Amino acid sequence: MTTVAVKPATMAQALTRAMRDAMADDPTVHVMGEDVGTLGGVFRVTDGLAKEFGEDRCTDTPLAEAGILGTAVGMAMYGLRPVVEMQFDAFAYPAFEQLISHVARMRNRTRGKMPLPITVRVPYGGGIGGVEHHSDSSEAYYMATPGLHVVAPATVADAYGLLRAAIASDDPVVFLEPKRLYWSKDSWNPEDPQTVEPIGRAVVRRSGRSATLITYGPSVPVCLEAAEAAREEGWDLEVVDLRSLVPFDDETVAASVRRTGRAVVVHESGGFGGPGGEIAARVTERCFHHLEAPVLRVAGFDIPYPPPMLERHHLPGVDRILDAVGRLQWEAES
Amino acid sequence: MTTVAVKPATMAQALTRAMRDAMADDPTVHVMGEDVGTLGGVFRVTDGLAKEFGEDRCTDTPLAEAGILGTAVGMAMYGLRPVVEMQFDAFAYPAFEQLISHVARMRNRTRGKMPLPITVRVPYGGGIGGVEHHSDSSEAYYMATPGLHVVAPATVADAYGLLRAAIASDDPVVFLEPKRLYWSKDSWNPEDPQTVEPIGRAVVRRSGRSATLITYGPSVPVCLEAAEAAREEGWDLEVVDLRSLVPFDDETVAASVRRTGRAVVVHESGGFGGPGGEIAARVTERCFHHLEAPVLRVAGFDIPYPPPMLERHHLPGVDRILDAVGRLQWEAES
Amino acid sequence: MTVMEQRGAYRPSPPPAWQPRMDPAPLLPDAEPYRVLGTEAAAKADPGLLRRLYAGLVRGRRYNAQATALTKQGRLAVYPSSTGQEACEIAAALALEERDWLFPSYRDTLAAVARGVDPVAALTLLRGDWHTGYDPHEHRVAPLCTPLATQLPHAVGLAHAARLKGDDVVALAMVGDGGTSEGDFHEALNFAAVWQAPVVFLVQNNGFAISVPLAKQTAAPSLAHKAVGYGMPGRLVDGNDAAAVHEVLSDAVRHARAGGGPTLIEAITYRIDAHTNADDATRYRGDSEVDTWRGHDPIALLEHELTERGLLDEAGKQAARDAAEAMAADLRERMNQDPALDPMDLFTHVYAEPTPQLREQRDQLQAELDAESEGPHR
Amino acid sequence: MTVMEQRGAYRPSPPPAWQPRMDPAPLLPDAEPYRVLGTEAAAKADPGLLRRLYAGLVRGRRYNAQATALTKQGRLAVYPSSTGQEACEIAAALALEERDWLFPSYRDTLAAVARGVDPVAALTLLRGDWHTGYDPHEHRVAPLCTPLATQLPHAVGLAHAARLKGDDVVALAMVGDGGTSEGDFHEALNFAAVWQAPVVFLVQNNGFAISVPLAKQTAAPSLAHKAVGYGMPGRLVDGNDAAAVHEVLSDAVRHARAGGGPTLIEAITYRIDAHTNADDATRYRGDSEVDTWRGHDPIALLEHELTERGLLDEAGKQAARDAAEAMAADLRERMNQDPALDPMDLFTHVYAEPTPQLREQRDQLQAELDAESEGPHR
Ligand SMILES: Cc1ncc(C[n+]2csc(CCOP(=O)(O)OP(=O)(O)O)c2C)c(N)n1
Ligand SMILES: Cc1ncc(C[n+]2csc(CCOP(=O)(O)OP(=O)(O)O)c2C)c(N)n1
Ligand SMILES: [Mg+2]
Ligand SMILES: [Mg+2]
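Remember, predicted model here, so these are calculated numbers, not experimental data.

The description of an aromatic ring pair rests on the distance of the ring centres and on the angle between the ring planes. One pass over the structure, following the stated rule, counts 42 aromatic pairs over all chains. The interplanar angle of 50 degrees and the centroid separation of 5.5 Å between the aromatic rings of Tyr-160 of chain A and Trp-188 of chain A together place this pair among those described as tilted. Placement of Tyr-160 of chain A in helix α7 (residues 156-168) and of Trp-188 of chain A in strand β8 (residues 185-188) is noted, with a sequence separation of 28 residues between them. Look at Tyr-160 of chain A and you get buried, because its relative accessible area is 2%. A relative accessible area of 5% means that Trp-188 of chain A is categorised as buried. Of the aromatic side chains, those joined through ring pairs into one cluster are Tyr-93, Phe-96 and Tyr-141 of chain A together with Tyr-93, Phe-96 and Tyr-141 of chain B.

Right under this line is the structure:
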């Protein structure tokens, strides 16, 4: 193998590469969805796959999400590993019954006899100026569904590593791709891709001593930015990137919060009934006596995703995160 | 009007009566769903409505939940007030897209011009020995969806009062009917029904000083039982029945927890990503300095709803609640 | 410049065609359901097949009766009987090769059993023991499916996958008249036709979805007429005529196996019992309707044919009944034993590996069970 | 006792019928799309109507061009152009009475505008200003619908409600070829037929769902053939022939209004532009296909007819163009003004009354905005 210089790639490219490599390694991997073939997907994430592997391996399906996921279930029953693309977050909803009542439950229903190794890729979240239904953060629905893994990469390397892991997993994985990070770039050697990441391990993206920001997906870069800005205020913030909501890495998260004594959960999804409640509750259960302040949450408002011209008011940004950090009862320290 | 003695009625009867009275008062109220007409519903909750009001007011629809809810949207657009029955919790999933993308959002989308006064009745929860798909607790999905009200009665009188309020509401309401309380009885005068309950007010079902059990729907009677049993252990438990998850009555809940200093959230829905996380997090945010212990949760396991022969192991019962109360760090008090 | 000049010369021709012109006639079902028994076609029917069907029907009816009895004895939580529909159930199973797959709905226990699934294992779901009692791969029978029509896309996907692999496997998917109204029915048939997947859809039209009669379910000339809208053939068959159902299904299976694509078959039948033991059918249908259908009983139809042709005598009937009784006795006996369930299984198969969260919960339940078995209840 | 004796006498008759026998022939579409322009039927077309259609088409095309230009200037976030499909858009609007309702998809801005919706208001969604810019009740135009086919059951419900109220209102629902694959399409058509709701379904078959060609979407003889499976008439029409589309729609609207129930209409057409300005159509189709369709241009077809019949001269064309230009100028001007959005509106219409939680969040945002406007950014 020739050595190739490390060069910048986008998250979209890393995802494409992950599918490509998985398809090359394993003939049972099939990509399917709306416009994934000839067009290469509306975000071009499946670009080139139909050409390289043929239309039977990367298939433009009829336009019906329940049908796509439902036929993927049957394909998985016969030993294939379908990778399904839902064109946008809100367009996964028609497939909800198949996801909840079958994909999540088939292994359990059959006492392990019929696992469904299906990856459901969902471009998700806002910040791209999309019109209605193109910016939903739907992870709360998936988190609340036992039997699914729920993964969201925040870096180019993780996009590759976690998607490989998702496809290799014998369990169904809802793979949430932060739309607005599709074009984020990172130095990453496509010829020597990271080893596959095990699903379920959070990572400390930035170490700090004052408080922990717990986050994932599109909010990770925002939190890192906030952590930089916080230095001015004298706060040294730790940033934990969960990488997967299910399984949840209690260990890494609790260890961080025990160290810092304060935490803010940050996500784009609506606050009420969103992932933050679960995260705050379980951190509190585990770290109560280490906490100097209640775990706070910075989330999207409890409103339908707003139109593009107003989305900046909705999305958790650096200021809102710093405000929350400021409310972590610092006076208690002195 | 003649005076009629207060007599016991079941929750199912109270619900029927609520629809009947609403239909009599308001000709725009229409009941629709699978088997709601001739049969009176598989739980007989719509019994007699088709006979009294005709098949156009209480309609057996074709068997298609998205179609039922989708046509209800159109009916509401034309000024009707549809009351939709989903036959069982899991059979509401096919209607998910209509619920999330339209029912919950139409008012907001049209800036108030096109409200959708739709009540979606969902017989929900377990404990009735139902086979797969007949015992789901799906409230986490609805809670995480701005634009919906989410209501769950626990008493016969509330079943009447809250369903009247739901039907009268100009907003869509997901009305969760605890299946296993359908046949619970209470003294209740059907001729002089309670006034309509405003949606959004929790109620203290039992006062106590030691700790607060925060619960709703099918878990309310279990918590009351647990509170009785707790007296033996020397605990005087307060039980708060939320009645609605959205809107959430922070005031009543926080007031109780500030008084008692300890809380356990109890529900049948799975724990991870379930309502309890949200509730525990918001209580902690509001009552941190009053808390002697972290808010704990007693919930269903994070598994697909188990088969009837195993459901008793899954459902939060008195023992599991008392165990959690026991873990509320009582030693800290002395 | 006029718009015309901009856009090119005027052509008073039809628009370019999107679809190749296709005559819909071959896709349309006949006006009358296809029948064999009591018609001239019966003479051509294979005696061995008729006898196998007969044995299956008698056994199937006995199974339905026994299962219903078990619900009354509290040994079975619920049972959706297929009494009156045995011809569809048995013919469906017999029309398939061993390598084929069956996708049954909750009502199709008989078809599963006729495929080889153990009669007790087939009742596991309905007994409340576990969600599926058999290994789907063993007899190539998917789990009995409760959410209506959701099994149909599974059948399409499996058939498609088999075809991609080069295996000549056919999938047969069963659904009721009510289930045809669900979106999944539509999507499944469309995918099947577009992919030319080797799948056969069998709609048992028993006239009711619980209490809702067909007239409130569809306004179509027949359910089989839906086929043309997907570009597949639709066939209408007398669902109580086992020989006819078997023939139509076998043709469709052969057609699919040969690469001809999917077929939609509507079998006209009737459920003699209530929807399930928990249902009260008198609320929505009259005795006279039931009586009419009793007069078109699938077993009687077949028995008459066999008797007329001298293929069945009293001894043959007795043998079929004895076999059915033996099956029922075995079913009764085994169902009277309480299944041994391990509560810890609740956590075993949620994922390939339990999450840390599930491990904690497992330990919690184990501790509770240990405490329970040690001391007296609190 | 034999099973036969138990179950009643053998009757070698067909099974009792569930559906009344119905001849499917009248429900089937003709093999060739219906055309008026360039055929003998054109002579009978009402000159006034043809002129109104012409004005609408010219204006519509100009609107599409202007809106597309606005995306390039960053004044519009996205625009799904209907260039090439104007005949369907305008005829749909003109076939309805004022009291009727239109249920457009995201591509049907033109139809909404032709119904009377303010051209700028119709773009509110696509501009990213708010999700819907007009009061649906004002012109009886439902919000432009993005999730495919989900507007179809809405149309059915509204039509059904109107009928129950005794109002002779018809609902016209528009959907694309791709949208017909969704379950909601199926459920909506079935409900409409069972309820005999006064609704007309117009499928604009432009041969593509973004990049996916019709052959990957359906194997049916035509999309209009789906109608028979619901028991409603299916009609096929040249979607670029405004006179034909108008006639077929008007017939269906009349039929629905008279209590005859729903109709499914498939209009064969083509989208000349890419799916939206963000799409690259060269990835999935060739220039020659586009050219073929340019040769079957809806404006050219109509212009020729009008000219031949002496109903349109250069002055008439100029007048249509001038009117279109005026509309475009106005659109341009008004779209060049930034809309005034109030962030506090985020909370106003989530519920009739904001929940306590939303009131808190509103106050939080207000405080942030106040701080922002007071001091410098952090
Ligand atoms: C998605 C879904 N909705 C509702 C139900 C509840 N349900 C169970 S059986 C049934 C009627 C089904 O009728 P049909 O399809 O004709 O089959 P049959 O029972 O007659 O065999 C209904 C409504 C379900 N199982 N799944
Ligand atoms: C439920 C749903 N799935 C996917 C999409 C994304 N999407 C938008 S337009 C489109 C293609 C629609 O094709 P067609 O119905 O033929 O209409 P056309 O765009 O050709 O007018 C797709 C897949 C969507 N809007 N809704
Ligand atoms: Mg039926
Ligand atoms: Mg199209």
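Don't stop here, the text continues.
This paragraph deals with the site of ligand 1. Neighbouring ligand 1 are 21 residues; Glu-65 of chain B together with Tyr-106, Arg-107, Asp-177 and Gly-178 of chain C lie closest to it. The local environment of ligand 1 is shared, drawing residues from chains A, B and C. Taking Asp-177 of chain C, its side chain carries an N or O atom lying 2.8 Å from an oxygen atom of ligand 1. Its free accessible area being 580 Å², ligand 1 has 96% of it covered by the protein chains.

Moving on to the interface of chain A and chain C. Counting from both sides, the interface comprises 43 residues of chain A and, opposite them, 41 residues of chain C. On the chain A side of the contact with chain C, Tyr-78, Asn-108 and Arg-111 of chain A bury the most area, a combined 21% of that side's loss. Here chain A is connected to chain C by 2 salt bridges. Summed over the shared surface of chain A and chain C, the result is 19 residue pairs in polar contact (both at pLDDT 80 or more). Ranked by the residues each element gives to the side of chain A that touches chain C, the list is headed by helix α3 (residues 65-77) of chain A, at 10 residues. Its residues assigned to classes, the side of chain A that touches chain C shows 17 nonpolar, 15 polar and 11 charged.

Below, the discussion takes up the domain arrangement of chain C. One can read the domain layout of chain C as domain 1 (25-335) and domain 2 (343-374). Averaged C-alpha coordinates put domain 1 of chain C and domain 2 of chain C at centres separated by 39 Å.

Here we take up the domain arrangement of chain A. All names here are of chain A. Its domain assignment divides chain A into domain 1 (8-187) and domain 2 (203-327). Centre-to-centre separation of domain 1 and domain 2, based on C-alpha positions: 26 Å. If you look at the interface, domain 1 gives 27 residues, while domain 2 gives 23 residues. Surface buried jointly by domain 1 and domain 2 totals about 1900 Å² across both partners, of which 59% is contributed by carbon and sulfur atoms. Viewed at the interface, domain 2 and domain 1 are joined by 3 salt bridges. Between Arg-205 and Asp-158 there is a salt bridge; the shortest N-O distance is 2.8 Å. Scanning the region where domain 1 abuts domain 2 turns up 11 residue pairs in polar contact (both at pLDDT 80 or more). Secondary structure elements with two or more residues in the side of domain 1 that touches domain 2: α6 (139-143), β6 (149-151) and α7. Looking at the side of domain 1 that touches domain 2, its residues break down into 14 nonpolar, 9 polar and 4 charged.

Take the interface of chain D and chain C next. Each partner contributes residues to the interface: chain D has 78 residues there, and chain C has 77 residues. Both faces combined, the contact of chain D with chain C buries some 6600 Å², and carbon together with sulfur accounts for 59% of it. On the surface where chain D and chain C come into contact, there are 2 salt bridges. The interface formed by chain D and chain C holds 18 residue pairs in polar contact (both at pLDDT 80 or more) in total. Elements that contribute at least two residues to the side of chain D that touches chain C include exactly α1 (3-7), α8 (183-195), β7 (263-268), α10 (287-294), α11 (298-308) and α12 (314-335) of chain D. Here the element with the most residues in the side of chain D that touches chain C is α8 of chain D; it accounts for 7 residues. A per-class count over the side of chain D that touches chain C returns 35 nonpolar, 24 polar and 19 charged.

We now examine the site of ligand 2. Taken together, 21 residues are adjacent to ligand 2, and Glu-65 of chain A together with Tyr-106, Arg-107, Asp-177 and Gly-178 of chain D come closest. What surrounds ligand 2 is not a single chain but chains A, B and D. In the environment of ligand 2, a nitrogen atom lies 3.1 Å from a nitrogen or oxygen atom belonging to the backbone of Leu-148 of chain D. Taken together, the residues of the shell around ligand 2 break down into 8 nonpolar, 7 polar and 6 charged.

What counts and what doesn't
- Sequence order as written defines residue numbering, which begins from 1 separately in each chain.
- Labels follow written order: the first chain is A, the first ligand is 1, and so on.
- Confidence filtering applies because this is a predicted model: local features only for residues at pLDDT of at least 70, side-chain atom pairs given and counted only at 80 or more, and all residues used for totals across whole chains, interfaces and linings.
- Side-chain figures throughout are based on the complete set of non-hydrogen atoms in the structure, without hydrogens or water.
- Here a pair means two rings of Phe, Tyr or Trp (six-membered ring of Trp) with centres within 6.5 Å. Their orientation is stacked below 30 degrees between planes, edge-to-face above 60, and tilted elsewhere.
- Helix and strand definitions follow DSSP, with helices as H or I runs of at least four residues and strands as E runs of at least two, each counted in order from the N terminus.
- Type-normalised accessible area, obtained with a 1.4 Å probe on protein chains alone, sets the label of each residue: buried when under 20%, exposed when over 50%, and partly exposed for intermediate values.
- Each residue is tested against the molecule or strand, and it is near if at least one of its non-hydrogen atoms lies within 4 Å.
- Identification of polar contacts relies on pairs of N or O atoms within 3.5 Å, with a donor-acceptor requirement for protein atoms, meaning one able to donate a hydrogen and the other able to accept it, and with residues adjacent in sequence counted only if both atoms are side-chain atoms.
- For the accessible areas, the method is Shrake-Rupley and the probe is 1.4 Å, while residue cover comes only from the protein chains on display.
- Two residues qualify as a contact provided that any one of their heavy atoms is within 4.5 Å of a heavy atom in the partner residue.
- The term buried area denotes the loss of accessible surface (1.4 Å probe radius) that occurs when two parts are joined, taken as the sum for both partners.
- Between Lys or Arg on one side and Asp or Glu on the other, a salt bridge is scored when a side-chain nitrogen of the former is within 4 Å of a carboxyl oxygen of the latter.
- Residues are sorted three ways: Asp, Glu, Lys and Arg are charged, Ala, Val, Leu, Ile, Met, Phe, Trp, Tyr, Cys and Pro are nonpolar, and all the rest, Gly among them, are polar.
- Boundaries between domains were set according to an automatic or database domain assignment.

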